[in-house]
Amino acid sequence: MADLRHHRRGFLSFCNAVLLSVVGMLGAVPVFRYVGYPLRRRGGSSSTEQSFVDVAAVADLPLDEWRLVPLEIVHRDGWEAVRRQHPVWVRKRGDSEGEITVLSSVCPHLGCPVNWRAEESKFFCRCHAAAFSADGQTLAGPSPRSMDPLSFRVQNARLLVRWEEFQNGVEKRKPLEA
Amino acid sequence: MHTEVVQPQVSGDPESQTGWRRLHERLFREPVPGGARWATAFRSLLSVAFLAQAISGVLLAMNYAPSTGSAWASVRFIQEEVQAGWLIRAMHYWGSSAMVVLVLTHVVRMFITATYKKPRELAWVVSILCLGCTLALALTGDILPWDQQGYWATKIRLGIVSTIPSVGESIRTLVQGGPQIGNLTLTRFFTLHVVILPALLVGLACAYNYFYKVPEGFPSERQSPDRLATRPEPFWPGHVWKGAVLAAVLLFGLAIWSGYHRAPLQAKADPALSYEARPEWFFMFLYQLLKYFQGPYEIIGTFFLPSIFGVLLVSWPFLDRGRQRDARRRPLAMGLLSAVVGGLAGLTIVGYATDTRKHGPTLAPAKLVAPSTPRSIEKPEVARIFKSECASCHDDDGTGNVIRKATPAVPDFTSLAWQMAQTDLDIVQQIQVGKEPAMPAYKERLTKEQTLALAIYIRALSVGPVGAGPTLAATSPLGERDVRNPVASAPVSAATGPRPESTDRAAGAPPGATALAPQVKSNEQAGKSPATAPSDPKPAAALAHVAASGRPELTANAGSFVRGAAFMESDRLYRTYCKACHDVDGSGKLARRSMPEIPDMTDPRWSGSRTDADLFHSILLGKGKFMRPMNDKLSAPDADRLVAFVRALAMQPGPLASRPVGPAPYSLPRDVFAVAATPPAVGSAAAAPTVGVPSQPATGSPLLALADVPQSSRRPVPIVGAQPPAVSGTAERALVAAATAAASGTADTRIRTAIVQYREFCMNCHGVDGRGTESKAAMPTIPDFTDVAWQNSKNRFELASSIIEGKGKDMPAFEGRISAGEAQDLVAYIRSFGPRQARPSSPVLSGSEFQKRVRRLEQQHAELERQLRELSAGPRRP
């Protein structure tokens, strides 16, 4: 009799464990899917995130001088589309496409904005003192790679730049999926 | 079998229902082993600090909205609008640091007293987790105000997270809710900070208490078991008293500190605006550590070392298994402790001492928003924005002289005429959406507050020092000072009602206007009198016409209607803006001597060689050396009408003046150059039921000839019309009427009307600049409006009566064409020609005055936005 009761309790405990873990695991599925939404989101980028954006007339750019030009992109930000400006560094040495350089102003180290120091003629990130040469090559500081060049083209005498962000803190340049 | 249930006896004592006595016993009477000691009370201080954070946090959450659009504004609202909001926020802000200090102290104390040793290892582990949880709370709370510091600090932190091998990038995406920091970052951090981490911390605290108490009667700290057993003391009141004293010290200290140090709120986060972020003090050691590991080794400093340190901390009780509890007999542990504490403190100190931010110029000032004042935007900041954003084209002093040569359309902010032609909201609009061809849109670069403040700043550029004007200003009861100082008068206007511009902008062309458009167009093309149609549908029709003609870029421009021009008929437009050079008939022969390129617009060959688009372009953007761009005065529809008008000139050669102008209702008072005295009580010329003589050209010279009235009479010669002699009073009475008339119009309408009237009636003789130099030869007595002596010698009553009644041989009476009220405004405009004293380099506006105006403009802007929303929401609703 007591033995039977013992067995019954053991069986019930086992059932409890199974039932509760099944409920828990089933419940966890939507929870993880819900929380992990940002990881799975794809194809949600708006049109300008992938395309070339008009930033300036080539003629307006000063000769042989780094100029910070804002590039405006519509990002999808959760439930809304937002217009966001990303400044890019542009230098023109001539009017042809080959003589223009476009660098991202995002520091490859940890993503702070990089500034041009004209008096020392180098780029400098004030967050962790990363320094880059006038061509964007790493001079000193913690940056694992040189400044990120952005793809661009010249069309109807206008400069079009494609905004791209790269994984920070790594030596190899790897674009982030937008 | 039958069991009898025995009911326990129920007394009237509420104890049997509530059990409160038992509860009280359990909660308060429980003996604390070893008695009440300050050291034991310290642990309860942690709960008090957490409770304070929870309460202030809940209060903050009542007024906080986590989204990129609203977070910063809501925190600013808490900080500056809500009563005691600044205190609650400061206590929460500094309270987080206090929490970190308390938890750290607790952990260090546990280490020194060897509380982590058997059997309380788990209490130690939980304490370390508590420390981590507290730090995480501080970090997740950092970004919630969505200001520059929080944004950039979080961005760097997440950047560090993303460098963790293989999983870093995914963790970052998961935590920040997407590829960029944005709305989802805020909502996720908010949830972590407000729900998950506090719940976790409460759970950990319970676990700590549990694990601490499980080994019953076990010696705590330095007390022997015997001593513990001999000195038990109930929790209440001795223990609570010590805890309460400590809590009071903590809370009062925190409140006093918060009273003197407000929680910082910097400028709203702007990914495009560079900022030098620094970590909180308790992470400064990591920041410094980062400097020693560069390039590929960085991951050691950012991830491996901290992780190893954390793991060591958690597992310390299992590593140090010695039974010795006396700190003096544990040299190794104490040595490690002092090494770690010294190392962290050293790194922190070196980090602060060598921080370049302290020495070098900061890119974005940390105190962009001065939190100590009730407003978020300050005049020096606006001046800074103006210098950085506007001065490259508009000059530091707002004259725009740098680029005027290349871009003649650049306005001169110091010009009163320009200032009077804009309302504050017009300026705001132009800053936000830009203006063709050269002015960029700043909507995304400047916050609304900055834009509004900038508008006021631009206003102030034309304001001379207070009291600089003639003494007369002080005595004038109405309007005059206002116009001399346009800032004061203009803002009154827009709040009073929906403005036609906004209506047009919101709804596009009004319904029905499209149908009207071709008809109007053909009217004008056929050379019929453009004056015959009623004036109201015209601007709308023109707008619709532009919209229909498939030139979307122009409809955008149509938003910046110049109201004065928009309500003018085409011929009047021509007279006002073109006639001075192109002559009354479009032949341009008078000006040809000085401007040889001027076309003869009556010549069909000239007309045939130009497309409408050419003309349109030349009107708005100017042409050659002399043709000025009119796009600051004319909208696209105006230009379209002018093109039609110019075309008509070529089709119907001959002087414009000879064309019959029908007695259209709108034109009556204006084209009659001398009419019966208008009853001044009516105040407005348009209201006078006059039967005029319409066939006279409204040019300067015939007027002058006809107005040759003896000065002594000081009355215009009544030619036709019923004359109500009873009310046709003196100029003084007219001015009294003007007061009522003036009150009815909004200030900006009046100013624009004055400008248009000046161009129409006065400019021919008095010149664009009011000097009258060109007419000096023919009329030697013509005054120079810029002459301070002349300005001082006349009071505004004299000037107004000169306008209405004429003066001398050459100045005609404008009664009937200019109402008494309009004359007042015209006087104000003429006053604006008066010389200003040398302007100071920065606008003279006291701080409080500046704030007041910004606030007023903010209200107007909000009102306008509300109206716009209503307008755009209405018709779109299905």
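Residues numbered from 1 in each chain as written. Chains lettered and ligands numbered in written order. Predicted model: local features only at pLDDT ≥ 70, side-chain atom pairs only at ≥ 80, totals over all residues. Heavy atoms only, no water.

Colleague: Provide a residue-level description of the overall build of chain B, including the pertinent values.
Modeller: Along its length, chain B carries 42 helices and 2 strands. Put simply, chain B has 878 residues, and 49% of those count as buried. Entry remark: accessible area of chain B is about 42000 Å², with carbon and sulfur atoms responsible for 64%. (Helix = DSSP H or I, 4+ residues; strand = E, 2+ residues; numbered from the N terminus. Buried < 20%, exposed > 50% of the residue type's maximum accessible area, 1.4 Å probe, protein only. Areas by Shrake-Rupley, 256 points an atom, 1.4 Å probe, with all protein chains shown as cover.)

Colleague: Could you give an account of the interface of chain B and chain A, naming the residues involved and the relevant values?
Modeller: Counting residues at the interface gives 44 residues for chain B and 35 residues for chain A. Our enumeration of links across chain B and chain A arrives at 0 salt bridges. The interface formed by chain B and chain A contains 13 residue pairs in polar contact (both at pLDDT 80 or more). Breaking the side of chain B that touches chain A down by element, the ones donating at least two residues are helix H7 (148–162), helix H8 (168–176), helix H9 (183–213), helix H12 (284–292) and helix H15 (356–359) of chain B. Taken together, the residues that form the side of chain B that touches chain A break down as 16 nonpolar, 18 polar and 10 charged. (Contact = heavy atoms within 4.5 Å. Salt bridge = Lys/Arg side-chain N within 4 Å of Asp/Glu carboxyl O. Polar contact = N/O pair within 3.5 Å; in protein donor to acceptor, adjacent residues only side chain to side chain. Nonpolar A, V, L, I, M, F, W, Y, C, P; charged D, E, K, R; others polar.)

Colleague: Just give me the short version of H9 of chain B, but keep the residues and values in it.
Modeller: Compared with an ideal rise of 1.5 Å per residue, which puts 31 residues at 45 Å, H9 of chain B spans 44 Å between its outermost C-alpha atoms and is within 8% of the ideal. At Leu192 of chain B, H9 of chain B is bent by approximately 40 degrees, the largest bend along its length. (Expected span 1.5 Å × (residues − 1). Bend = angle between axes of the 7 residues up to and from the residue.)

Colleague: Please give an account of the state of the cysteines that cites residues and values.
Modeller: Residues and elements named next belong to chain A. Evaluated as defined, the whole model comprises 1 disulfide over all chains. What pairs with Cys112 in a disulfide is Cys127, and their sulfur atoms sit 2.2 Å apart. Here the disulfide of Cys112 and Cys127 is left-handed, its torsion about the S-S bond being about -85 degrees. Taken together, the positions of Cys112 in the loop between strand S4 (100–104) and strand S5 (114–117) and Cys127 in the loop between strand S6 (122–125) and strand S7 (130–132) put the pair 15 residues apart, joining distant regions of the chain. Each of the two residues, Cys112 as well as Cys127, counts as buried. (Disulfide = S-S within 2.5 Å.)

Colleague: Before we move on, can you summarise the environment of Asp54 of chain A with the specific residues and values?
Modeller: All names here are of chain A. For Asp54, the location among the structural elements is in strand S1 (residues 52–57). Here Asp54 falls in the partly exposed class, since its relative accessible area comes to 40%. In the structure, Asp54 is positioned 17 residues away from Leu71 in sequence and 7.6 Å away in space, judged by C-alpha atoms. For Asp54, the residues in contact, after removing those within four places along its chain, are Arg158, Leu159 and Leu160. A polar contact is formed between the side chain of Asp54 and the backbone nitrogen of Ala56, at a distance of 3.3 Å. In terms of polar contacts, Asp54 uses its side chain to reach the side chain of Arg158, at 3.0 Å.

Colleague: Hey, could you go over the sheet that holds S1 of chain A for me, with residue numbers and the actual values?
Modeller: Residues and elements named next belong to chain A. A sheet is described by the order of its strands in space; here 3 strands give the open sequence S1-S10-S9, paired in antiparallel fashion. With partners counted over all chains shown, the strands left at the sheet margins are S1 and strand S9 (152–155), one partner each. Across the sheet, the mean angle separating the axes of adjacent strands is 30 degrees when strand polarity is ignored. Bridge count for S9 against strand S10 (residues 158–162) is 4 bridges, and the pairing is antiparallel. Each bridged residue has a counterpart across the sheet, and for Phe152 the counterpart in S10 is Val161. (Pairing = 2+ DSSP bridges. Axes fitted to C-alpha atoms, helices over the stretch in contact; angles between N-to-C directions.)

Colleague: I'd like a description of the pattern of salt bridges, backed by residues and values.
Modeller: If you walk through the whole model with that rule in mind, you get 20 salt bridges over all chains. Of the charged contacts, one joins Arg145 of chain A and Asp148 of chain A as a salt bridge, the two residues approaching to 2.8 Å between their closest N and O atoms. Note on accessibility: Arg145 of chain A and Asp148 of chain A belong to one class, buried. Here Asp603 of chain B ties to Arg605 of chain B by a salt bridge, and the two come within 3.4 Å at their closest N and O atoms. For Arg605 of chain B, a relative accessible area of 67% translates into the label exposed.

Colleague: Account for a nonpolar patch on the surface, with residues named and values stated.
Modeller: A contiguous nonpolar patch, built from Phe11, Phe14, Val18, Val22 and Leu26 of chain A and spanning about 510 Å² of accessible area, is present on the exposed surface. Within the secondary structure layout, Phe11 of chain A lies in helix H1 (residues 2–35). (Patch = residues over 30% accessible without salt bridge, like charges linked within 9 Å, V, L, I, M, F, W, Y side chains within 5 Å.)

Colleague: Before we move on, could you go through the pairing of S10 of chain A and cite the residues and values that matter?
Modeller: All names here are of chain A. As paired strands, S1 and S10 are joined by 5 bridges and run antiparallel to one another. Paired with Asp54 across the strands is Leu160, a residue of S10. With antiparallel pairing between neighbouring strands as the criterion, S9 and S10 make up a hairpin whose turn holds 2 residues, including Asn156 at a positive phi of roughly 50 degrees.

Colleague: Give a detailed account of the sheet that holds strand S8 (residues 138–140) of chain A, specifying residues and quantitative values.
Modeller: Residue and element names in this part refer to chain A. Pairing is antiparallel in the open sheet, where 4 strands are placed in the order S5-S6-S7-S8. Looking at strand neighbours, the two that pair on one side only are S5 and S8, the edges of this open sheet. Geometrically, the sheet is characterised by an average inter-axis angle of 35 degrees between neighbouring strands, direction not taken into account. Direction of pairing for S7 relative to S8: antiparallel, over a ladder of 2 bridges. Bridge pairing in S8 places Phe132 opposite Thr138.

Colleague: Before we move on, can you summarise the confidence of the model for chain B with the specific residues and values?
Modeller: Residue and element names in this part refer to chain B. Scored by pLDDT, chain B has a mean of 70; 66% of the residues are at 70 or more. Predicted confidence is poor over residues 837–843, with pLDDT under 50, and the contacts of this stretch with residues over four places away or in other chains come to 12 contacts. The low-confidence segment residues 874–878, where pLDDT is below 50, has 1 contact with residues more than four positions distant or belonging to other chains. In the model output, the complex is listed with pTM 0.53 alongside ipTM 0.85. (pLDDT = per-residue confidence, 0-100.)

Colleague: Please provide a residue-by-residue account of the pairing of S4 of chain A, values included.
Modeller: All names here are of chain A. Within S4, 4 of the 5 residues are buried, which leaves it mostly tucked inside the rest of the structure. Strand direction decides the pairing type here: strand S3 (residues 80–92) and S4, joined by 5 bridges, are antiparallel. From the neighbouring strand, Arg91 faces S4, where its bridge partner is Thr101.

Colleague: Mind laying out the packing of aromatic side chains, listing which residues take part and the relevant values?
Modeller: Per the counting criterion, the structure on display carries 24 aromatic pairs over all chains. Here Trp66 of chain A and Phe123 of chain A contribute two aromatic rings whose centre-to-centre distance is 5.1 Å and whose plane-to-plane angle is 70 degrees, an arrangement assigned as edge-to-face. Placement of Trp66 of chain A in the loop between S1 and strand S2 (67–77) and of Phe123 of chain A in strand S6 is noted, with a sequence separation of 57 residues between them. Relative accessible area serves as the criterion here: at 0%, Phe123 of chain A is assigned to the buried category. What links up through ring pairs into an aromatic cluster is the set Trp66, Trp89, Trp116 and Phe123 of chain A. Lying over the aromatic face of Tyr212 of chain B, Arg120 of chain B brings its terminal NZ or CZ to 4.0 Å of the ring centre. (Phe/Tyr/Trp six-rings, centres within 6.5 Å; stacked < 30°, edge-to-face > 60°. Lys NZ or Arg CZ within 6 Å of the ring centre and 35° of its normal.)

Colleague: I'd like a description of the nonpolar core, backed by residues and values.
Modeller: Core analysis: the biggest nonpolar cluster contains 36 residues, and Phe123 of chain A together with Tyr64 and Trp146 of chain B have the highest contact counts within it. Sorting the residues of this core by element identifies S6 and S7 of chain A together with helix H4 (71–80), H7 and H9 of chain B as the ones contributing at least two each. Ranked by residue count, the leading element in this core is H7 of chain B, at 5 residues. Those residues in contact with Tyr64 of chain B that lie beyond four places of it in its chain are Ala71, Ser74, Val75, Ile78, Leu144, Leu186 and Phe190 of chain B. (Core = buried A, V, L, I, M, F, W, Y, C linked by side-chain atoms within 4.5 Å.)

Colleague: An account of unusual backbone geometry is needed here, citing residue identities and associated values.
Modeller: Trans is the prevailing form of peptide bonds, just as negative phi is the prevailing case for residues other than glycine. Backbone torsion omega between Lys118 of chain B and Pro119 of chain B reads 5 degrees, so that peptide bond is classified as cis. Its place among the elements puts Pro119 of chain B in the loop between helix H5 (85–112) and helix H6 (121–142). The backbone of Ala129 of chain A shows a phi angle near 60 degrees, a positive value even though the residue is not glycine. Checked against the element boundaries, Ala129 of chain A lands in the loop between S6 and S7.

Colleague: Could you give me a rundown of the side chain of Thr163 of chain B, with the residues and numbers involved?
Modeller: Along the chain, the position of Thr163 of chain B falls in the loop between H7 and H8. Note on Thr163 of chain B: relative accessible area 14%, which makes it buried. Those residues in contact with Thr163 of chain B that lie beyond four places of it in its chain are Asn168 and Gly169 of chain A together with Ile299 and Thr302 of chain B.

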